[in-house]
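So the chains spell out like this:
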Amino acid sequence: MLLILVSVLSGCGGQQDLSAQASTAPYTYETPSRNGTGKVYLGREISFVMGHQAAGWLERPEREREENVSQAIENMEIQPDEHIADIGAGSGYYTFRMARKAPRGKVYAVDLQPEMLAIMRERIAREEVENVELVQGTEKSPRLDENSVDLVIMVDVYHELSHPREMMQEIVRALKPQGRFVLLEYRMEDPLVPIKKLHKMSEQQAVREMESVGLRLRENIDNLPWQHCMVFVKE
């Protein structure tokens, strides 16, 4: 059922503008595969974005059991005063959990879609959350200040970025010295993970792409049911 659902939801993302190819490097273009954009980055075809219509699926009750979200957040070693950016925050499933771990810090919930930001804005008001700040990013930038965050996370989002090189360069710029980038992506290496191939990533591919922007893999924490939990640091 999940496999089918991911396939359907992936078709919601008509936001990526693939017509503007004035500066194609480091991208190439090919005939799109099913659920793909046809835009290729370092050998990987970029998938379509999950639309805001899928917000309910992001908040599904079984997500904790399927992905062990609590353990994923423990893996991040969040400190009480840290400034954190959740890129592609969606409905805020991770955002608000991390905010409780950093009561003296702040979580920047970055998303491209105003509908997702509206969902989080309503929750901030309803629960009187004081340490979550909403940021409407762009396809190429999270719109964060230089050296402003200790931790950046992306949860099953990176493979959908229409401009991964530009976005990651901006994320590296926003990270403080010794800052870390935590990437959660469904494991390509595991055929039992019930997710379409285009929505998975291998450790090898992730390392290749992160090294191209100056990030080094510190560790891949192997304690989640379906996902890699890769911790990268600035070189």
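Quick summary incoming for the structure in this document. (Residues numbered from 1 in each chain as written. Predicted model: local features only at pLDDT ≥ 70, side-chain atom pairs only at ≥ 80, totals over all residues. Heavy atoms only, no water.)

With respect to the element layout, threonine 95 can be found in helix 5 (residues 95-101). Judged by relative accessible area, threonine 95 falls into the buried class, the value being 0%. Not counting the four nearest positions on each side in its chain, threonine 95 is found in contact with Asp86, Ala89, Val107, Ala109, Met120 and Val132. (Helix = DSSP H or I, 4+ residues; strand = E, 2+ residues; numbered from the N terminus. Buried < 20%, exposed > 50% of the residue type's maximum accessible area, 1.4 Å probe, protein only. Contact = heavy atoms within 4.5 Å.)

All right, on to the pairing of strand 7 (residues 149-155) then. Counted residue by residue, strand 7 has 7 buried out of 7 residues, so it is predominantly covered. Pairing of strand 4 (residues 83-87) with strand 7, which is carried by 4 bridges, proceeds in the parallel orientation. When the sheet's bridge partners are listed, isoleucine 84 is paired in strand 7 with leucine 151. Two elements, strand 7 and strand 8 (residues 175-187), share 6 bridges in a ladder whose sense is parallel. Residue pairing across strands places methionine 154 opposite leucine 183, the latter belonging to strand 8. Handedness of the strand 7-helix 7 (residues 164-174)-strand 8 crossover: right-handed. (Pairing = 2+ DSSP bridges. Right-handed = clockwise from strand over helix to strand, strands pointing away.)

One pass over the full model with this rule turns up 4 aromatic pairs. Relative to tyrosine 41, the ring of tyrosine 27 lies with its centre 5.4 Å away and its plane at 45°, an arrangement referred to as tilted. Taken as a pair, tyrosine 27 in strand 1 (residues 27-29) and tyrosine 41 in strand 2 (residues 36-41) lie far apart in primary sequence, 14 residues in all. For tyrosine 27, a relative accessible area of 4% gives the class buried. Looking at lysine 39, its charged tip hangs above the ring of tyrosine 27, at a distance of 4.3 Å from the centre. A cation over a ring is seen here: arginine 97 above tyrosine 93, with NZ or CZ 3.8 Å from the ring centre. (Phe/Tyr/Trp six-rings, centres within 6.5 Å; stacked < 30°, edge-to-face > 60°. Lys NZ or Arg CZ within 6 Å of the ring centre and 35° of its normal.)

Enumeration according to the criterion identifies 15 salt bridges in this entry. With its nearest N and O atoms 2.5 Å apart, the salt bridge here joins lysine 101 to glutamate 74. Of this pair, lysine 101 sits in helix 5 while glutamate 74 sits in helix 4 (residues 69-75), and the two are 27 residues apart along the sequence. Residue classification places lysine 101 among the partly exposed positions, given a relative accessible area of 35%. Looking at glutamate 74, the relative accessible area reads 44%, which means it is partly exposed. The salt bridge involving lysine 176 is made with aspartate 150; its shortest N-O contact spans 3.4 Å. Of the two residues, lysine 176 sits in strand 8 while aspartate 150 sits in strand 7, which places them 26 residues apart along the sequence. With relative accessibility at 27%, the residue lysine 176 sits in the partly exposed group. Connected via shared salt-bridge partners are Arg60, Arg63, Glu66 and Glu67. (Salt bridge = Lys/Arg side-chain N within 4 Å of Asp/Glu carboxyl O.)

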